[in-house]
Amino acid sequence: MQAFGKDAAIGFIGLGVMGNGMAHCLLRAGHALHVFARRDAVAQPLVQAGARRAASPADIGRDCALVFLCLSDDAAVEEVLFGERGLAQGLATGSCVVDTSTIAATSARAFAQRLARQGVTLLDAPISGGQQGAESGTLACMIGGPADAVEACREVMGVFCKAITHVGESGAGQTVKSCNQVAVAAAMLGVADAIALARSQGVDPSVMREVLLGGTARSFVLEKHGQRIIDGEFKPGFRARLMRKDLRIALATAQAGGAALQAAPVAERLVGELCDSGRAESDWAAVGHLVQEKGRR
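Below you will find a few notes about this structure. For every chain, the first residue of the written sequence is number 1, and numbering continues from 1 along that sequence. For this predicted model, a pLDDT threshold of at least 70 governs which residues receive local features, and a threshold of 80 or more governs which side-chain atom pairs are given and counted, while totals over whole chains, interfaces and linings are taken from all residues. To obtain the side-chain values, all non-hydrogen atoms of the structure were included, while hydrogens and water were left out.

**As for the packing of aromatic side chains**
So, step 1. Centre distance within 6.5 Å is the pairing criterion for rings of Phe, Tyr and Trp, where only the six-membered ring of Trp is used; planes under 30 degrees apart are then read as stacked, over 60 as edge-to-face, and the remainder as tilted. Evaluation of the coordinates by the stated rule reveals three aromatic pairs.
So, step 2. Judged by centre distance (5.4 Å) and plane angle (80 degrees), the rings of Phe 68 and Phe 160 are edge-to-face. In this pair, Phe 68 sits in strand β4 (residues 66–69) while Phe 160 sits in the loop between α7 (147–157) and β9 (161–168), placing the two residues 92 residues apart along the sequence.
So, step 3. Overall, Phe 68 belongs to the buried group, its relative accessible area being 0%.
So, step 4. Exposure remark for Phe 160: the relative accessible area of 0% places this residue in the buried category.
So, step 5. Geometrically, the ring pair formed by Phe 82 and Phe 111 is tilted, given 6.0 Å between the ring centres and 55 degrees between the ring planes. Taken as a pair, Phe 82 in helix α4 (residues 74–82) and Phe 111 in helix α5 (residues 105–116) lie far apart in primary sequence, 29 residues in all. Strands here mean DSSP runs of E at least two residues long; helices mean DSSP runs of H or I at least four residues long; both are numbered from the N terminus. Exposed residues in this analysis have more than 50% of their type's maximum accessible area, buried residues have under 20%, and partly exposed residues fall in between, with area computed by a 1.4 Å probe over protein chains only.

**Thoughts on the packing of helix α8 (residues 172–200) against helix α11 (residues 240–257)**
So, step 1. Fitted lines through C-alpha atoms give the axes, limited to the stretch in contact for helices. The angle between two N-to-C directions lies from 0 to 180 degrees. Here α8 crosses α11 at 115 degrees, and the two axes come no closer than 9 Å. Handedness of the crossing formed by α8 with α11: left-handed. Here Lys 177, Ser 178, Gln 181, Val 182 and Ala 185 of α8 come into contact with α11, specifically with Met 243, Asp 246, Leu 247, Ile 249 and Ala 250.
So, step 2. Grouping the constituent residues of the contact of α8 with α11 by class yields six nonpolar, two polar and two charged. Should the near helix be turned counterclockwise from the far one by less than a right angle, the crossing is left-handed, whereas a clockwise turn marks it as right-handed. By definition in these notes, contact holds between two residues if any of their heavy atoms fall within 4.5 Å. Classification used: nonpolar for Ala, Val, Leu, Ile, Met, Phe, Trp, Tyr, Cys and Pro, charged for Asp, Glu, Lys and Arg, polar for all others including Gly.

**Remarks on the side chain of Ser 178**
So, step 1. Within the secondary structure, Ser 178 is located in helix α8.
So, step 2. Filtering out sequence-adjacent residues up to four positions away, Ser 178 remains in contact with Ile 249 and Ala 250.

**Some points on the pairing of strand β8 (residues 139–144)**
So, step 1. Among the six residues that make up β8, five are buried, leaving the element largely enclosed by the rest of the structure.
So, step 2. Following DSSP output, two strands are said to pair if at least two bridges run between them. One ladder, built from six bridges, connects β8 with β9; its direction is parallel. By the bridge assignment, Ala 140 is partnered in β9 with Ala 163.
So, step 3. Handedness of a crossover: with both strands directed away from the viewer, a clockwise path from the first strand across the helix to the second marks it as right-handed. For the handedness criterion, the β-α-β arrangement of β8, α7 and β9 is classed as right-handed.

In short, shape yes, function no, at least from these values alone.
See below:
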């Protein structure tokens, strides 16, 4: 597959918290960007910045040989790809779709097979790094799919990703993303427990955190989310309902493959409690606050 260069028209569908930042990165880099959104309010800031708004995903496919998706779940990806006036209706042979959404590996493989029948490549390319990473162009991306397609997209993806790693065939990107979410969730529970333990013994959790940051317990979760838990500041970067969805995907994947996960089921249960308590739209770090609440009951 030929590399997509600076002059390639790029499509983007899914302009939420993450997609909006990634799309703005593409515009700032000088790419001709075509976007689709159902609501004017979502697309308008990008249109004002120079993007062209399409009337449907199919129109995006007709105008662009490279299209990025950043959607909420499997059903949303399937609808955009194969629904009425879906992307697949407009894509030409040789086109490439890069799905940065987090969905099940089984869905990613099935969608890739369906598109391959019309000569279109689908890369499952979930991202990590949060809203700040999307806006600053410092995301990490793990990609499943053909190696030549990964290389063809690498230059364009480098606009919003600092790390782009080809991890295997179709579905492998989603599997590695599930591994990421499981590891991060386990780290979050450890940080929440450490804060609860410090408070239970009258130790200032901020002081405890600074000490731990200087030793082997240092982690991104402790550095970023530990302070948020201490401060009780949970303005969303990554919403709790999305983390619950991701953990459920990981657990289903583990069950299908015969892996006996230990930390992930506990994290999924607690994030589920958080969502059911009316905090589904809060940042998922609020699960740390839930741990503190349990100790005060």
